[in-house]
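So the chains spell out like this:
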Amino acid sequence: MLGFVWKQSLVWDIIFGAGVVWLFSCLLAQAYSEYFRCAYLIQDYLDLPKFMYEGKDFSWNLFGKMVGVEIPGLSPVMDKPLDWIRRIWIWTMLFFWDRDSGFAPFVINNTKKFIRILTFNKNEWKALLATMRVFITILFLFLRLIFVLIK
């Protein structure tokens, strides 16, 4: 009986783990991507002219010869750093969501222990720190796996 429960839990962990990895990669690739672009910041948010991020070619006829000046837009310069900022923001959010999702069941299932932790019971703190050490190790390994999969 115990073997069946163990195998069933392992299957669910694998299924949900694969789902988490897929959702992490989707979020990193797509979340907030439309807002962290030069076009959005300059045209939509600041309401500045379109040529600020696209650039503009100015040309005129000077004594029968076309003379022009090209002013580059900010988009090629800003889009890559904005994407890095977006990725850092997503990683930060995912880290806190992951931390909270690991901490919430602990609090729900161990309300009595949680109250002892709040009253600074020494034995409960030792148990908490041992649990958190394992959780942080697993979280580190999990995030490292996601990082390797994204690269």
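Residues numbered from 1 in each chain as written. Predicted model: local features only at pLDDT ≥ 70, side-chain atom pairs only at ≥ 80, totals over all residues. Heavy atoms only, no water.

Caption draft 1: View of the pattern of salt bridges. With the rule as written, the count across this model stands at 4 salt bridges. For the salt bridge of R87 with D83, the shortest nitrogen-to-oxygen distance reads 3.5 Å. Of the two residues, R87 and D83 both sit in helix α4 (residues 75-109), 4 residues apart, roughly one turn of that helix. The shortest N-O distance in the salt bridge between D100 and R99 comes to 2.8 Å. Exposure remark for R99: the relative accessible area of 35% places this residue in the partly exposed category. (Salt bridge = Lys/Arg side-chain N within 4 Å of Asp/Glu carboxyl O. Helix = DSSP H or I, 4+ residues; strand = E, 2+ residues; numbered from the N terminus. Buried < 20%, exposed > 50% of the residue type's maximum accessible area, 1.4 Å probe, protein only.)

Caption draft 2: View of the side chain of S75. Structurally, S75 is set in helix α4. Assessed through its relative accessible area of 18%, S75 is described here as buried. A distance of 2.7 Å separates a polar atom in the side chain of S75 from a polar atom in the side chain of D79. With residues near it in sequence (within four places) discarded, S75 still touches C38 and Y53. (Polar contact = N/O pair within 3.5 Å; in protein donor to acceptor, adjacent residues only side chain to side chain. Contact = heavy atoms within 4.5 Å.)

Caption draft 3: Examining the packing of aromatic side chains more closely. Going through the model one piece at a time under the given rule, you end up with 5 aromatic pairs. Between F24 and F142 the ring centres are 5.8 Å apart and the planes differ by 70°, which places this aromatic pair in the edge-to-face class. Taken together, the residues F24 in helix α1 (residues 2-30) and F142 in helix α6 (residues 122-150) connect sequence positions 118 residues apart. Given a relative accessible area of 8%, F24 falls into the buried group. Ring plane angle 70° and centroid distance 5.5 Å describe the contact between F95 and F96, whose orientation is recorded as edge-to-face. For F95, a relative accessible area of 34% translates into the label partly exposed. The partly exposed category is assigned to F96, whose relative accessible area is 37%. (Phe/Tyr/Trp six-rings, centres within 6.5 Å; stacked < 30°, edge-to-face > 60°.)

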